[in-house]
Amino acid sequence: MILMLDGHSYHYEMESLCDIFLPYEKVTVVYGTKEEARAKAEEEEIVAYTGYAPGEKAVALTATLKLGEYWGETTGTFPLDAPDFERRCGLEMALLLYRSFVEACSYEPKWGVLIGVRPIKLLRRLAEEMGEQEAVDYFQKDLLVSKEKTALSVRTMHCEQEILALSKPESFSLYVSIPFCPTRCAYCSFVAQTLKQTARLVPRYVDLLCQELVYTAQVAKDLGLRLESVYIGGGTPTTLSAEQMAQLLKIIDTHFDLSTCREFTVEAGRPDTITLEKLEAIQRYGVTRISINPQTLNDDILRIIGRNHTTEQTLEAFSMAREYGFSNINMDLIAGLPEDTFDSFRSTVDRVLELSPESVTVHTLSLKRSSHINQNGRVQFVNDADLAGQMLDYSQRVLTEAGYLPYYLYRQSRMVGNLENTGWSKPGYESFYNVYIMDETHTIFACGAGAVSKIKDPYSNQLERIFNFKYPHEYESRFQEMLERKEKAKEIYQRFRENHRSAQSAGQHG
């Protein structure tokens, strides 16, 4: 589709809005006039035009949409002297285009015009600034978030508070990336390599990862930081052998001070990669939480999405972990998988609840452009959105009835129905790491290929990123360069601390 901007710079907001309704479309952004947009509409099936024309006291706003046989236009004005002009004017323009899409698609997303990954973080900030009720009103009246999603957001925000309060200025968490999987799922866009492609790289990768962990532990020690949580993810960490897993965990146990660590998670992920030997290695080094992720308990759907395990293997892996003494197990499910039905999804949820895991994370399918099953399907999208919404509604109802609480929530681009991912847990089994990473509460040191360290200013909302190289071969060939990047964390913290001292001094003498 063509998105034409005229007289304004609200590129991100307008493109994100197009992605809400047309997640499978490639959006091409151009600049031009309404007349040029009309000319484009003669050639293209989908054209959106957004115009901004300042007058003496107000800006005239226009949103025009051509979508198949639909052609509609909405207009409005916004006063030039309005407080917080840029943000609020951009929101007003988004609302104009949103109304045209709602009319054209006969579909109203439950999150309204809200974009961004972290709605709970936004709600919390608004509640602190204006009070909870005003924040709720803003979600519903200004952002058009439904009552149901607003209520879910409020419940999640309340559940997070106790975990967030535990974080201190000296806190940090550790993420470890294992970017290998047995196969690549059809919906996946993560930088993960199949073992068939990269088996020869794994031993060297593990050796280098251990070196990076030792180096990172020293950086954290030099900064006087305190470890709160550890998360080994991927990819599928249990693609490593039991010996490699033990090697990795021993390094963490030896070089990081785990005495303050509240949670240590390993994503066991694919049930077909779990063995007694790997569970023994994981348990030996103090891991407190694992994930066993079926995504669905429908074998036909598993084949469609490219996962080689079966429902029976999921049940066997869960039983094996229980017998081995794991008392904190998470299971991931996905709503909106290709060819899944409501009855099939309901059966999956019900069977998972029979297992009684300590937490269940319910994702909504997100179709990135690089995934194998990405497709152009505007008509199908509305049907998918309605079905995925019903699936999430069902999971929310039965998980709530079973005593689970929503403890973290996030969203991704191009999610079916513009919906959400929600982590549900029994009380006392919330994942600290998941809350900290989504709220951007404190520093996350990240090790491994594709990992991104987020260095958080303990005294403000400022955050700086240090990127590792994406692919295992780059990780190996440019390893020393990557370690030097980690060293910059010290400089960043020094700057944060100096800024804090300067602010304090200015406050004392102001």
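Residues numbered from 1 in each chain as written. Predicted model: local features only at pLDDT ≥ 70, side-chain atom pairs only at ≥ 80, totals over all residues. Heavy atoms only, no water.

Chemist: Please explain the pairing of strand 2 (residues 28-31) as it appears in this structure.
Modeler: Walk down a regular strand and you will see the side chains alternate between the two sheet faces. Bridge count between strand 1 (residues 2-6) and strand 2: 4 bridges; the pairing is parallel. Its bridge partner lying in strand 2, Met 4 is registered against Val 30. Chirality of the crossover, the property in question, places the unit of strand 1, helix 1 (residues 11-21) and strand 2 among those that are right-handed. (Pairing = 2+ DSSP bridges. Helix = DSSP H or I, 4+ residues; strand = E, 2+ residues; numbered from the N terminus. Right-handed = clockwise from strand over helix to strand, strands pointing away.)

Chemist: Can you help me understand helix 6 (residues 147-165) in this one?
Modeler: A turn of α-helix holds 3.6 residues, and therefore any two residues three or four places apart point the same way. The end-to-end C-alpha distance of helix 6, which contains 19 residues, comes to 27 Å, matching closely the 27 Å that a straight helix rising 1.5 Å per residue would cover. Of the positions making up helix 6, those classed as buried are Lys 149, Thr 150, Leu 152, Ser 153, Val 154, Thr 156, Met 157, Cys 159, Glu 160, Ile 163 and Leu 164. (Expected span 1.5 Å × (residues − 1). Buried < 20%, exposed > 50% of the residue type's maximum accessible area, 1.4 Å probe, protein only.)

Chemist: Where do I start with the pairing of strand 11 (residues 289-292) in this structure?
Modeler: The two faces of strand 11 match: Arg 289 and Ser 291 on one face and Ile 290 and Ile 292 on the other face are all buried. Where strand 10 (residues 263-269) meets strand 11, 4 bridges bridge the pair, whose relative direction is parallel. The residue bridging Glu 267 from the neighbouring strand is Ser 291, located in strand 11. Both strand 11 and strand 12 (residues 329-335) contribute to a ladder of 2 bridges, which runs parallel. Pairing of Ser 291 across the sheet is with Asn 330, part of strand 12.

Chemist: Which parts of the structure should I look at to understand the packing of aromatic side chains?
Modeler: The description of two aromatic rings rests on the distance between their centres and on the angle between their planes. In the structure shown here, the tally under the stated rule is 16 aromatic pairs. Ring geometry for Tyr 493 against Phe 496: centres 6.3 Å apart, planes inclined by 70°, an arrangement best described as edge-to-face. Here Tyr 493 pairs with Phe 496, and both are found in helix 17 (residues 479-509), just 3 residues apart, close to one helical turn. Chaining the aromatic ring pairs together yields one cluster made of Phe 180, Tyr 205, Tyr 475 and Phe 479. Here the guanidinium or amino end of Arg 485 rests over the ring plane of Phe 469, the centre of that ring lying 4.3 Å away. (Phe/Tyr/Trp six-rings, centres within 6.5 Å; stacked < 30°, edge-to-face > 60°. Lys NZ or Arg CZ within 6 Å of the ring centre and 35° of its normal.)

Chemist: Whenever I open this one, the nonpolar core confuses me. Can you help?
Modeler: Across soluble globular proteins, you tend to see nonpolar side chains buried next to one another. Counting residues in hydrophobic clusters, the biggest one holds 139 residues, and the most contacted among them are Leu 174, Leu 213, Ile 232 and Phe 445. Broken down by element, this core gets its largest block of residues, 12 residues, from helix 3 (residues 85-105). Contacts of Leu 213, omitting those with residues within four sequence positions, involve Leu 174, Val 176, Leu 248, Ile 251, Ile 252, Phe 256 and Cys 447. (Core = buried A, V, L, I, M, F, W, Y, C linked by side-chain atoms within 4.5 Å. Contact = heavy atoms within 4.5 Å.)

Chemist: Where do I start with the environment of Asp 207 in this structure?
Modeler: Tracing the chain through its elements places Asp 207 in helix 8 (residues 202-222). Classification of Asp 207 as partly exposed rests on a relative accessible area of 33%. Along the sequence, Asp 207 and Phe 467 sit 260 residues apart, while their C-alpha atoms lie 20 Å from each other.

Chemist: Is there a simple way to explain helix 13 (residues 342-355) in this structure?
Modeler: With 14 residues, helix 13 ought to run about 20 Å at 1.5 Å a step, and its terminal C-alpha atoms sit 20 Å apart, in line with that. All of the buried residues along helix 13 are Ser 344, Phe 345, Thr 348, Val 349, Val 352 and Leu 353. Backbone geometry just after helix 13 places Ser 356 at a positive phi near 60°.

Chemist: I'm lost on the environment of Ala 220 in this one. Help?
Modeler: Tracing the sequence through the fold places Ala 220 in helix 8. Looking at Ala 220, the relative accessible area reads 3%, which means it is buried. Separated by 269 residues in sequence, Ala 220 and Ala 489 place their C-alpha atoms 8.9 Å apart. Setting aside residues up to four positions removed in sequence, Ala 220 forms contacts with Phe 172, Leu 225 and Phe 445.

Chemist: Can you help me understand the side chain of Asp 340 in this one?
Modeler: Note that Asp 340 resides in the loop between strand 12 and helix 13. Of the buried charged residues, Asp 340 lacks a salt bridge, with Arg 346 as the closest side chain of opposite charge at 11 Å. If sequence neighbours within four positions are ignored, Asp 340 has contacts with Thr 296, Ile 301, Phe 345, Leu 387 and Met 391. (Lys, Arg positive; Asp, Glu negative; His and termini not counted. Salt bridge = Lys/Arg side-chain N within 4 Å of Asp/Glu carboxyl O.)

Chemist: Sorry if this is basic, but what is going on with the pattern of salt bridges here?
Modeler: Two side chains of opposite charge can pair, provided their charged atoms sit close to one another. Under the definition given, this model contains 24 salt bridges. The structure contains a network of salt bridges with shared partners spanning Arg 118, Lys 121, Glu 440 and Arg 465.

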